[in-house]
Amino acid sequence: MFDFSIVTTWIDSLLRETLNLGDFWSILIECILVGVCILTAYALIAIVLIFMERKVCAYFQCRLGPMRVGPWGIFQVFADVLKMLIKEIFAVDKADKLLYYIAPFLVIIASVGTFSFLPWNKGAAVLDFNVGVFLITAISSIGVLGIFIAGWGSNNKYSVVSAMRGAVQMISYEISLGLCLISAVILTGTMQVSGIVEAQHGAWLIFQSPFTWLAFLVFLIAGNAEANRGPFDLAEAESELTAGYHTEYSGMGFGFYYLAEYLNLFVISGIAATVFLGGWMPLHVSGLDGFNAIMDFIPGIVWFFAKTFAIVWILMWIRWTFPRLRVDQILALEWKYLMPFMLVILTLTTIWVALV
């Protein structure tokens, strides 16, 4: 398994020793390079996910999806991006201008921040703190503030109702997400993302406990709701609230929400793949050394993307299969079923670790 830290160490030594730039300029250049890589990957993955969503939606509805712009419609997303970039950004009368303009940036900051914690390969994690799980939940919660501020600052009754729905839904389902991650922390004994992946060297986490696969299923459900995806997309119910909390946004203001929605889908899938399916760790079966050796030849980044996009496919499948829920059903599912169920799973997991 290739260790990407070899590349980062070489770049660091090149800047510090070969070019003799000193600590300040070396760190500055490294931060710029990392930032460019993150934003480039963020944009490219968003383009892939938007195109994938349209094709998956078309497949489930017995359609072809976009086909006119480029072969198989692959340039349709680029055309939409160009249109969004040149679209006029208008000012809303009687809106709170400060809140109105700052809200999209809060949402995109939360999305990029959690995106930076995903470990692409061994030694390729951008942010890897010893309290990584805690920071993921903390940074992701900033997105709730961005959504609520967008609705309130727009001075639009539909946006306000949508923002209230979105905020209460996301705050509620963060509890189940946190309990799922705590169960993983109990099993692995660390809050560091790379440590959680390393703890799955022998077997992925869903195979290490009879209760972990249940936590994995709850994480998928709660993650879908946290990302405001169907059937939990009540904040964007078109028949009731037009476009929801971003009704009054145009141009890149709307584009930030659009990007964050799809990248949050990737982030939720990536966290699920990392915590429960080993991340970049290959599939190992105890006693099958030949099979394990073959699996080790597959690069870690391939494992990570394969697992993540498999979960993305499942979540898209769920979105285009089930009808939208009512707001009372969404909250009842969390407070009456998922949260109590995860508290039981967390207790059983703790007892399992203590006894086994």
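Residues numbered from 1 in each chain as written. Predicted model: local features only at pLDDT ≥ 70, side-chain atom pairs only at ≥ 80, totals over all residues. Heavy atoms only, no water.

The name that an unreviewed UniProt entry assigns to the protein is NADH-quinone oxidoreductase subunit H, with the source organism given as Segatella salivae DSM 15606. Quoted verbatim from the Sequence similarities (unreviewed entry) field of UniProt, the annotation for the protein is "Belongs to the complex I subunit 1 family." (UniProt positions renumbered as here; feature names shortened; annotations may be inferred.)

**Here's the deal with empty space enclosed by the protein**
Overall, the coordinates contain 1 cavity of 30 Å³ or more when judged by the stated rule. Approximately 60 Å³ is the volume attributed to the largest cavity. Counted by class, the lining of the largest cavity contains 9 nonpolar, 1 polar and no charged residues. (1 Å grid on protein atoms, 1.4 Å probe; cavity = no way out; pocket = protein on both sides within 12 Å on 5 of 7 lines; lining within 4 Å. Points joined across faces, edges and corners; volume = space filled by probe spheres on them. Nonpolar A, V, L, I, M, F, W, Y, C, P; charged D, E, K, R; others polar.)

**Re the side chain of Asn 156**
For Asn 156, the location among the structural elements is in the loop between helix H6 (142-153) and helix H7 (157-188). What Asn 156 contacts, discounting residues up to four positions off in sequence, is Gly 151, Thr 247 and Glu 248. (Helix = DSSP H or I, 4+ residues; strand = E, 2+ residues; numbered from the N terminus. Contact = heavy atoms within 4.5 Å.)

**Quick look at the UniProt feature "transmembrane region" (unreviewed entry) in the protein**
The sites that UniProt annotates as "transmembrane region" (unreviewed entry) are residues 24-51, 98-120, 132-154, 175-197, 203-222, 262-281, 293-316 and 337-355. In residues 98-120, helix accounts for 78% and strand for 0%; the two terminal C-alpha atoms are 36 Å from one another. Annotated as 91% helix and 0% strand, the span residues 132-154 places its first and last C-alpha atoms 34 Å apart.

**Here's the deal with the packing of helix H4 (residues 97-115) against helix H5 (residues 132-140)**
The N-to-C vectors of H4 and H5 enclose an angle of 165°; their axes lie 8 Å apart at closest approach. Between H4 and H5, the angle is such that the two are roughly antiparallel. Between H4 and H5 lies a crossing of left-handed hand. Here Ala 110, Gly 113 and Thr 114 of H4 lie close against H5, whose contacting residues are Ile 136, Ile 139 and Ser 140. (Axes fitted to C-alpha atoms, helices over the stretch in contact; angles between N-to-C directions. Parallel < 35°, antiparallel > 145°, perpendicular 65-115°, else oblique. Left-handed = near helix turned anticlockwise from the far one by under 90°.)

**Side note on the environment of Gly 244**
Here Gly 244 lies in the loop between helix H10 (238-241) and helix H11 (251-276). Separated by 163 residues in sequence, Gly 244 and Val 81 place their C-alpha atoms 21 Å apart. Not counting the four nearest positions on each side in its chain, Gly 244 is found in contact with Ser 159, Ser 162, Ala 235 and Glu 236.

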